[in-house]
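Results of the structural survey
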Amino acid sequence: FTQIRLYPEADLSMRSWAQRLELEYARAYEELSSNSSASTSTVFEVAVSDMISFYDELEYMPYRLDGYDEEIVVDGRACRITGSSLLDNVRAPVRSSNSV
């Protein structure tokens, strides 16, 4: 019986990274919200970069981040939370159910 190699069901890394990214995006938003002179935050970008490094040696990884807009409005100001675009060049899998 040959099994096709798929995403390992017991690996909780995707869930852990989703939680961390959510937390870091909220931190970036708070950073911009609490500092009216700031227009860009790289807090989220650092977390996304760490995630990419984590999955670098594995056969799978998230290929897209949904819900983490880079261009946002904070207290009426146009701001940026960089990071989501780091995955723009990652090729989508044939089976595209790997979105975080």
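The structure presented is a predicted model; accordingly, all values stated were derived computationally and were not measured. (Residues numbered from 1 in each chain as written. Predicted model: local features only at pLDDT ≥ 70, side-chain atom pairs only at ≥ 80, totals over all residues. Heavy atoms only, no water.)

A few words now on the side chain of S41. Here S41 is to be found in strand β1 (residues 40-41). Non-local contacts of S41, meaning those with residues more than four positions away in its chain, are made with A28, E31, L32, R80, I81 and T82. (Helix = DSSP H or I, 4+ residues; strand = E, 2+ residues; numbered from the N terminus. Contact = heavy atoms within 4.5 Å.)

Residue alternation in strand β2 (residues 71-74) divides its side chains into a buried set, I72 and V74, and an unburied set, E71 and V73. Relative to strand β3 (residues 77-81), β2 is paired through four bridges, and the arrangement is antiparallel. The partner of E71 across the bridge, within β3, is R80. Linkage of β2 to β3, two consecutive antiparallel strands, is achieved through a turn of two residues, within which D75 is found at a positive phi near 50 degrees. (Buried < 20%, exposed > 50% of the residue type's maximum accessible area, 1.4 Å probe, protein only. Pairing = 2+ DSSP bridges.)

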